Amino acid sequence: MRSSFHILLLPGDGIGPEVVGATRTVMDVAAEHFGVELTYEERKIGGTALREEGEPVSDETLEKAKASDAVLLGAVGHPDFDRGPVRPEAGLLKLRKTLGAFANLRPVTAIPALLASSTIKPEVLEGVDILIIRELTGGAYFGEKVEGEDLASDLSVYTREEIERVARVAFEAAEGRHGRVTSVDKANVMATGRLWRSVVAEVAGEYPGVRLDHVLVDAAAMFLIRDPKRFDVILTENLFGDILSDEAAMLPGSMGMLPSASLGVPGTPGIFEPVHGSAPDIAGQGTANPYATILSAAMMFRHSLGRPDIAGGIERGVSVALEAGFRTPDIGGKNGTEEVTQAVVRWAAAGEGVT
Ligand code: NAD
Ligand code: IPM
Ligand code: MN
């Protein structure tokens, strides 16, 4: 087991610095508790980088990312840049492409302590445990773009190889879970959807222990709310995965609860980031929910750093803090980012629950 890791921090815009700062506090306490050494380097990305470095991510930052053990990212996006010509989001897309982070793992679980505060009935939510696997470096996000006054287009391209590799990630994940993959596409309309469906079905042949079904994306959006327990692993393309995961955030109850891991081939640093954005409406108020980013750090320890023990410790800290009632306003509480963070780290200092 390795015990020394170098992490690149990319706080980004809006609430990004607030949630990454909180998460660094948790990682430091966890590192001390488990006797590992974490070194950090911090760089700019998104609007902050555009403003200060003239581009949404510099080549130097990309080199630092490649040389790190893992990247922890806050969020990018700022209304100042909504009229272009270069947007902050381009920095994140370039980072994902540069690291070859083609598989985006977005776990969605119902949280017992939050069941009663959701807008969805507790009996629909109880026991929900979904892993969304979103293809992250293909599709309409990366196809050729035309942008004119009177015409615009985003070309969506998928190759067999791009579908195969992300499908394998999904089937392998399902083998370690409940053995079911639901592949979500728009095969009734899109050519990419038909290729997606047939390649995923072929790959399924390599995993006889996993049951595959196909659901059209519009129906999948409905089933996510009507009967989320029907899903184990959801495998889908870039754009659909983006939309479905924000919808799925309402199962735990807030955007502020969903972590993610963006992974490439083994040995490449992963990017760990909350699913939410820069939340300009609440930035700078000290009320941002840090749980999603803290849980993303747990995913970092599990998926990139080979330390599931530390991941489990952080996840326990989060559960205990939630059980003890530490909640930001988005999940029905009155605590600020700092109070929630201190509640999460107290388990490590005391080696036990929060009181
Ligand atoms: P958003 O996720 O930033 O916010 C949507 C809503 O959820 C807002 O009301 C916000 O206050 C709330 N919210 C989000 N995260 C929260 C948290 N941690 N705690 C409490 N409340 C939270 O989405 P948006 O408003 O559509 O986008 C804002 C900007 O963020 C845009 O520029 C967008 O491109 C960008 N964005 C970036 C990422 C990323 O960096 N990965 C993801 C999504 C959106
Ligand atoms: C996400 C975000 C990004 C995406 C944006 C900011 C480029 O919404 O990570 O979900 O669409 O992938
Ligand atoms: Mn999104």
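Counting restarts for each chain, with residues numbered from 1 along the sequence as it is written. Chain A is the first chain written and ligand 1 is the first ligand written, with later ones labelled in order. Local features in this predicted model are restricted to residues of pLDDT 70 or higher, and side-chain atom pairs are both shown and tallied only at a pLDDT of 80 or more, whereas totals for entire chains, interfaces and linings draw on every residue. Only heavy atoms go into the side-chain values, all of them from the structure, while hydrogens and water stay out.

- Identification of the protein as 3-isopropylmalate dehydrogenase from uncultured Rubrobacteraceae bacterium is taken from an unreviewed UniProt entry.
- UniProt positions are given in the numbering used here, feature names are shortened, and annotations may be inferred rather than shown by experiment. Under the UniProt heading Subcellular location (unreviewed entry), the entry covering the protein gives this text: "Cytoplasm".
- According to the UniProt record, the Sequence similarities (unreviewed entry) comment for the protein is "Belongs to the isocitrate and isopropylmalate dehydrogenases family. LeuB type 1 subfamily."

Quick look at the overall build of the protein
Thought 1: Counting secondary structure elements, the protein contains twelve helices and twelve strands.
Thought 2: What you see for the protein is a C-alpha radius of gyration of 20 Å, in line with the 20 Å of a compact globule of 355 residues.
Thought 3: When the backbone C-alpha atoms are referred to their principal axes, the protein occupies close to 55 × 50 × 40 Å.
Thought 4: When accessible area is computed with a 1.4 Å probe and restricted to protein chains, residues below 20% of their type maximum are described as buried, those above 50% as exposed, and intermediate ones as partly exposed. Within the span of the protein, comprising 355 residues, buried residues form 53% of the whole. Secondary structure elements follow DSSP: runs of H or I no shorter than four residues count as helices, runs of E no shorter than two count as strands, and numbering proceeds from the N terminus. Here the radius of gyration uses the C-alpha set of atoms, whereas the globule reference equals 2.2 Å times the residue count to the power 0.38.

A word on the UniProt feature "site: Important for catalysis" (unreviewed entry) in the protein
Thought 1: Here the UniProt feature "site: Important for catalysis" (unreviewed entry) sits at Tyr141 and Lys186. Put simply, the named residues that line the largest cavity are Lys186.
Thought 2: Mapped onto the elements of the fold, Tyr141 is located in the loop between strand E5 (129–135) and strand E6 (145–147).
Thought 3: According to the relative accessible area criterion, Tyr141 is partly exposed, its value standing at 22%.
Thought 4: Contacts are assigned to residue pairs with any non-hydrogen atoms lying within 4.5 Å of each other. Beyond its immediate sequence surroundings of up to four residues, Tyr141 is in contact with Leu93, Arg134, Asn238, Leu239 and Asp242.
Thought 5: Mapped onto the elements, Lys186 comes out in the loop between strand E8 (180–185) and helix H7 (191–204).
Thought 6: Residues within four places of Lys186 in sequence aside, it is in contact with Gly193, Leu216, Val217, Asp218 and Phe240. Of the two site types, the cavity is a set of points on a 1 Å grid over the protein atoms alone where a 1.4 Å probe fits but cannot get out, and the pocket is an open set with protein on both sides within 12 Å along at least five of seven lines, each lined by residues with an atom within 4 Å of a point.

What to know about the packing of helix H6 (residues 160–175) against H7
Thought 1: Only the stretch in contact is used when fitting a helix axis, every axis being a line fitted to C-alpha atoms; angles between N-to-C directions are given from 0 to 180 degrees. Relative orientation of the contacting elements H6 and H7 amounts to 50 degrees, with a least axis distance of 9 Å. The orientation of H6 with respect to H7, classified from their angle, is oblique. As H6 packs across H7, the resulting crossing turns out to be right-handed. Two secondary-structure elements touch here, H6 through Arg160, Ile163, Glu164, Val166, Ala167, Arg168 and Phe171 and H7 through Leu195, Trp196, Val199, Val200, Glu202, Val203 and Ala204. Here roughly perpendicular refers to angles of 65 to 115 degrees, roughly parallel to angles under 35, roughly antiparallel to angles over 145, and oblique to all remaining angles. Crossings are assigned a handedness: left-handed for a near helix turned anticlockwise from the far helix by less than a right angle, right-handed for a clockwise turn.

Some points on empty space enclosed by the protein
Thought 1: Grid points are joined across faces, edges and corners, and a volume is the space filled by probe spheres set on the points. Under the defined criterion, the tally for this structure stands at one cavity of 30 Å³ or more.
Thought 2: In this structure, the largest cavity encloses a volume near 40 Å³.
Thought 3: As for the largest cavity, its lining consists of Tyr158, Asp185, Lys186, Met190, Thr192, Gly193, Trp196, Glu237 and Phe240.
Thought 4: Top contributing element to the lining of the largest cavity by residue count: H7, with three residues.
Thought 5: Per-class residue counts for the lining of the largest cavity are four nonpolar, two polar and three charged. Residues are grouped as follows: Ala, Val, Leu, Ile, Met, Phe, Trp, Tyr, Cys and Pro are nonpolar; Asp, Glu, Lys and Arg are charged; every other residue, Gly included, is polar.

Some points on the nonpolar core
Thought 1: With 65 residues, the main nonpolar core has Ile7 and Tyr291 as its most contacted residues.
Thought 2: The element best represented in this core is helix H10 (residues 291–303), accounting for eight residues.
Thought 3: Domain segmentation is taken from an automatic or database assignment of domains. Two domains each put at least three residues into this core: domain 1 (1–101 + 259–355) and domain 2 (129–250).
Thought 4: Leaving out residues up to four positions away in the same chain, Ile7 has contacts with Met27, Leu38, Thr39, Tyr40, Glu41, Ala70, Leu72, Met300 and Leu305.
Thought 5: To qualify as a nonpolar core, a set must consist of buried Ala, Val, Leu, Ile, Met, Phe, Trp, Tyr and Cys residues joined through side-chain atoms within 4.5 Å. Core analysis: the next-biggest nonpolar cluster, separate from the first, contains 23 residues, Ala110, Ile130, Leu224 and Phe231 among them.

A short note on the site of ligand 1
Thought 1: Neighbouring residues are identified by heavy atoms, a residue being near a molecule or strand if any of them is within 4 Å of it. Taken together, 21 residues lie around ligand 1, and Val76, Glu89, Gly277, Ala279 and Asp281 are the ones closest in.
Thought 2: Any pair of N or O atoms that falls within 3.5 Å is considered a polar contact. Within protein, one atom must be able to donate a hydrogen and the other to accept it, and sequence-neighbouring residues count only if both atoms are side-chain atoms. Between ligand 1 and His276, the relevant distance is 3.2 Å, taken from a nitrogen atom to a side-chain nitrogen or oxygen of the residue.
Thought 3: The contact in question runs from an oxygen atom of ligand 1 to an N or O atom on the backbone of Ser278, over 3.1 Å.
Thought 4: Note on areas: these come from Shrake-Rupley sampling with a 1.4 Å probe, and a residue is covered only by the protein chains present in the view. Considering ligand 1 on its own, with 810 Å² of exposed area, one finds that the protein chains cover 70% of that surface.
Thought 5: Residue classes in the shell around ligand 1 are distributed as ten nonpolar, seven polar and four charged.

With respect to the packing of aromatic side chains
Thought 1: Here the aromatic set is Phe, Tyr and Trp, taking the six-membered ring for Trp, and pairing holds for ring centres within 6.5 Å; pairs whose planes are under 30 degrees apart are stacked, those over 60 apart are edge-to-face, and all others are tilted. The full count for this structure, using the stated rule, is two aromatic pairs.
Thought 2: Arranged with centres 5.3 Å apart and planes meeting at 10 degrees, the rings of Phe171 and Tyr207 form a pair that is stacked. Of this pair, Phe171 sits in helix H6 while Tyr207 sits in the loop between H7 and strand E9 (211–216), and the two are 36 residues apart along the sequence.
Thought 3: Phe171 sits in the buried class, given a relative accessible area of 0%.

Digging into the environment of Phe5
Thought 1: Within the secondary structure layout, Phe5 lies in strand E1 (residues 4–12).
Thought 2: Sequence separation between Phe5 and Leu305 is 300 residues, and the spatial gap between their C-alpha atoms is 7.6 Å.
Thought 3: When sequence neighbours within four positions are dropped, the list of residues in contact with Phe5 reads Val36, Glu37, Leu38, Thr39, Asp69, Leu305 and Arg307.

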